[in-house]
Amino acid sequence: MINIVLPVDFGDKTDQLVDGAVKFAKELNGKIFLIHVAPSDIGFAIGDMGFQYFPEVEANEIREELVQLNKIEQRIIAQNVECEHLLKQGIAKDIILEHCKAKDANYIVMGSHGRSGIYDVFVGSLTKGLTKDSHIPVLVLPIHETH
């Protein structure tokens, strides 16, 4: 069986990305390993009292993201594609690459929003980083606005 790692960020194009990954998985008789990497600083805020940590905020955010991840997993399974999910906190690129190794992945499926190069200079691009550092093929699906 072909193992496909599918990172998701719950953005407005996640459904389009998932649809493309499911189609790819069906063509290859693949299994999808769905992953969401939450930032390590979810529960932190800077205010009048300085830098503070709010564990209840972090717990609530993680719980909500896990619910979203479960919904996507069930949607994939309903389309007759094997799927399992993982939610971790940390540096997305590093965690995704570790997950690929742990799952003996054959492919990573990512989305490209088609933003300008200047966006990548200031914000950085996970897709760009993964294509540079991955030892397995990265399938980049265009998930632009449809006109």
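Our structure's up above, just so we're on the same page.
Residues numbered from 1 in each chain as written. Predicted model: local features only at pLDDT ≥ 70, side-chain atom pairs only at ≥ 80, totals over all residues. Heavy atoms only, no water.

1. Overview of the nonpolar core
Applicable threshold: Nine residue types can take part in a nonpolar core, namely buried Ala, Val, Leu, Ile, Met, Phe, Trp, Tyr and Cys, and a core is a set of them joined through side-chain atoms within 4.5 Å. The classification of residues rests on relative accessible area computed with a 1.4 Å probe and restricted to protein chains. Under 20% of the type maximum is buried, over 50% is exposed, and intermediate values are partly exposed. Labels follow the DSSP assignment, with helices taken as runs of H or I lasting at least four residues and strands as runs of E lasting at least two, numbered in each case from the N terminus.
Core analysis: the largest hydrophobic core is formed by 23 residues, its most contacted members being Leu6, Val8, Ile32, Leu34, Ile76 and Val109. Breaking this core down by element, the ones donating at least two residues are strand E1 (2-7), helix H1 (14-28), strand E2 (30-38), helix H2 (55-77) and strand E5 (83-89). Considering each element in turn, this core owes the most residues, 6 residues, to H1. Within the second largest apolar cluster, 11 residues are counted, among which are Val37, Ile95, Ile96 and Leu130.

2. Digging into the packing of helix H3 (residues 92-102) against helix H5 (residues 126-133)
Operational definition: All axes here are fitted lines through C-alpha atoms, helices being fitted over the stretch that makes contact, and every angle between N-to-C directions spans 0 to 180 degrees. Working rule for angles: under 35 degrees goes down as roughly parallel, over 145 as roughly antiparallel, 65 to 115 as roughly perpendicular, anything else as oblique. Handedness of a crossing follows from how the near helix is turned relative to the far one, being left-handed for an anticlockwise turn of less than a right angle and right-handed for a clockwise one. Note on contacts: a residue pair qualifies if any of its non-hydrogen atoms lie within 4.5 Å across the two residues. Under the scheme applied, nonpolar residues are Ala, Val, Leu, Ile, Met, Phe, Trp, Tyr, Cys and Pro; charged residues are Asp, Glu, Lys and Arg; polar residues are all the others, including Gly.
Remark: H3 packs on H5, axes separated minimally by 10 Å, with the N-to-C direction vectors making an angle of 45 degrees. Judged by the angle between their axes, H3 and H5 are oblique. For the crossing formed where H3 meets H5, the hand is right-handed. Two secondary-structure elements touch here, H3 through Ala92, Lys93, Ile96 and Leu97 and H5 through Leu126, Gly129, Leu130 and Asp133. Residue classes in the contact of H3 with H5 are distributed as 5 nonpolar, 1 polar and 2 charged.

3. Some thoughts on H1
Our working definition: Expected span of a helix: the number of residues minus one, times 1.5 Å.
With 15 residues, H1 should reach 21 Å at 1.5 Å per residue; the first-to-last C-alpha distance of 21 Å fits that figure. Tucked inside the fold, the buried residues of H1 contact E1, E2, H2, strand E6 (107-112) and strand E7 (138-142). One or two residues past the end of H1 sits Asn29, with phi positive at roughly 55 degrees.

4. Describing the environment of Asn80
Residue position: Asn80 is located in the loop between H2 and E5. For Asn80 and Lys26, which are 54 residues apart along the polypeptide, the C-alpha to C-alpha distance reads 8.3 Å.

5. Considerations on the packing of aromatic side chains
Stated formally: Centres within 6.5 Å are what make two rings of Phe, Tyr or Trp a pair, Trp counting through its six-membered ring; a difference in plane orientation under 30 degrees is then read as stacked, over 60 as edge-to-face, and the rest as tilted.
In the structure shown here, the tally under the stated rule is 1 aromatic pair. Judged by centre distance (5.1 Å) and plane angle (90 degrees), the rings of Phe24 and Tyr107 are edge-to-face. Of this pair, Phe24 sits in helix H1 while Tyr107 is found in strand E6, placing the two residues 83 residues apart along the sequence. The buried category is assigned to Phe24, whose relative accessible area is 15%.

6. Topic: unusual backbone geometry
One non-glycine residue, Asn29, lies in the positive phi region at around 55 degrees. Here Asn29 lies in the loop between H1 and E2. For Asn29, a relative accessible area of 54% translates into the label exposed. Positive phi values are uncommon outside glycine, yet Asp104 reaches one of about 50 degrees. Relative to the helices and strands, Asp104 resides in the loop between H3 and E6.

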